[in-house]
Amino acid sequence: MVGRVRAGPTFLNSYYLVTHEKYIFLTSYSLPTTVQPTKGNPTVSLQSSPRISSCSGVRFSRYKNHAARAHRRSVAVAADMSAAGDRDLQKLAPLEAILFDIDGTLCDSDPFHFLAFRDLLQQVGFNDGVPITEEFYSANISGWHNDALAGQLFPELDHGKAMEFMDHKEALFRKLAAGELKGLDGLQDLCKWIEDRNLKRAAVTNAPRANAELVLSLLGLTTFFPVLVIGSECERAKPSPDPYLKALELIGASPDHTFIFEDSASGVRAGVAAGVAVVGLTTGNPEKVLRDAGASLLIEDFRDPKLLAMLQELDPAAAEK
């Protein structure tokens, strides 16, 4: 339920969202080109996105051309593994541990997050009610923790009320994702490969604990990860290195023999800052964004030939023979 709010003798350009008999007051903003507004920063006019009534089968538009994905897979593996950044991965042997981000890494959950943000931001009048686009979501929202996003999206709003909006968004995400989330292609085979070699592992995310535990449960990975690190429960969340440093400490792994799977620039920067090599998944961000953030290798999913070649080189079981 959305409506104008009257305050004294004047009308405020604000909106309210009613949830659980509470009023969350939010100011209507024009969408900046980045989520860190500065004086004189230009605004952009966003095109309306088609409304999606069901999340079943939802994927971001850049992945609709499956033929293009198949063509990209045909790139020579040897050429990719010989690149300067990728050569560093060979130095990880003997491989000791693998760390995983959750959203966009274990599963393509970004479409559900995008829908939740798009619909709720539109309801509260963000950007004068014009829906945000996938491009804005990927550039300014994906990978960031809620405490930072609350201040970035609603800089003039009381932080507590902005966080109420974020909590409501997360509840909508969990409702949309329940029963719909599926692991990325090759995830189960990769998990078996890791278990067979008794590699250390941890899940490290900026998502709220309730979201992370739900996603791991839906994917059947609750017991696979002995350690779950939540960014907001560390002194600093991603893109700071704290969550990954905490994971390394908890599982007793060396950064010199560990690598990370990440899908966001924020997460890649966190891993690099922790001194750990990062394999970037292009589920939600352009390759250049991940490469510029410091990813050593880019893959489309866990069946990517480039990843399989790397794992073969780092296989601790083969090294013991």
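The structure contained in this document is the topic of the report that follows. Since we're looking at a predicted model, the values are computed, not measured.

### Focus on the pairing of strand 4 (residues 97–100)
Neither face of strand 4 is left uncovered, since the one carrying Ala-97 and Leu-99 and the one carrying Ile-98 and Phe-100 both have all their residues buried. Sheet analysis places strand 4 next to strand 5 (residues 200–205), joined by four bridges and oriented parallel. Counterpart to Ile-98 in the pairing with strand 5 is Arg-201. Relative to strand 7 (residues 258–262), strand 4 runs parallel, the two sharing four bridges. Bridging across to strand 7, Ala-97 finds its partner in Thr-258.

### Concerning the packing of aromatic side chains
Applying the stated criterion to the full structure yields 10 aromatic pairs. Note on Phe-126 and Phe-154: the rings are 5.9 Å apart at their centroids and 85° apart in plane angle, and the pair reads as edge-to-face. Here Phe-126, found in the loop between helix 4 (110–123) and helix 5 (134–140), pairs with Phe-154, found in the loop between helix 6 (146–153) and helix 7 (159–177); they are 28 residues apart in sequence, far enough to count as distant. One exposure class covers both Phe-126 and Phe-154, and it is buried.

### So, the pairing of strand 5
Burial within strand 5 is extensive, with five of its six residues counted as buried. Looking at chain direction, strand 5 and strand 6 (residues 228–230) are connected through three bridges and run parallel. Within the sheet, the bridge partner assigned to Ala-203 lies in strand 6 and is Leu-228. Chirality of the crossover, the property in question, places the unit of strand 5, helix 9 (residues 209–218) and strand 6 among those that are right-handed.

### Section: helix 10 (residues 242–251)
Within helix 10, the full set of buried residues consists of Asp-242, Pro-243, Tyr-244, Ala-247, Leu-248 and Ile-251. The secondary structure elements touched by the buried residues of helix 10 are strand 4, strand 5, strand 6, strand 7 and helix 11 (265–273). Downstream of helix 10 by a residue or two, Gly-252 has a phi angle that is positive, lying close to 70°.

### Some details on the sheet that holds strand 6
Strand order in the open sheet made by the six strands is 6-5-4-7-8-9, with parallel pairing throughout. What marks the edges here is a single partner per strand, and that holds for strand 6 and strand 9 (297–299). Neighbour to neighbour, the strand axes of the sheet diverge by 25° on average, direction disregarded. The strands touched by helix 9 within the sheet are strand 5 and strand 6, with strand 6 carrying the most contacts at an inclination of about 150°.

### Description of the packing of helix 7 against helix 9
It is at 10 Å that the axes of helix 7 and helix 9 come closest, and there the two elements cross at 10°. The angle between helix 7 and helix 9 falls in the class roughly parallel. In contact with Glu-170, Phe-173, Arg-174 and Ala-177 of helix 7, helix 9 contributes Ala-210, Asn-211, Leu-214, Val-215 and Leu-218. Looking at side-chain class alone, the contact of helix 7 with helix 9 contains six nonpolar, one polar and two charged residues.

Reading guide: rules and limits
- Residues numbered from 1 in each chain as written.
- Predicted model: local features only at pLDDT ≥ 70, side-chain atom pairs only at ≥ 80, totals over all residues.
- Heavy atoms only, no water.
- Buried < 20%, exposed > 50% of the residue type's maximum accessible area, 1.4 Å probe, protein only.
- Helix = DSSP H or I, 4+ residues; strand = E, 2+ residues; numbered from the N terminus.
- Pairing = 2+ DSSP bridges.
- Phe/Tyr/Trp six-rings, centres within 6.5 Å; stacked < 30°, edge-to-face > 60°.
- Right-handed = clockwise from strand over helix to strand, strands pointing away.
- Contact = heavy atoms within 4.5 Å.
- Axes fitted to C-alpha atoms, helices over the stretch in contact; angles between N-to-C directions.
- Parallel < 35°, antiparallel > 145°, perpendicular 65-115°, else oblique.
- Nonpolar A, V, L, I, M, F, W, Y, C, P; charged D, E, K, R; others polar.

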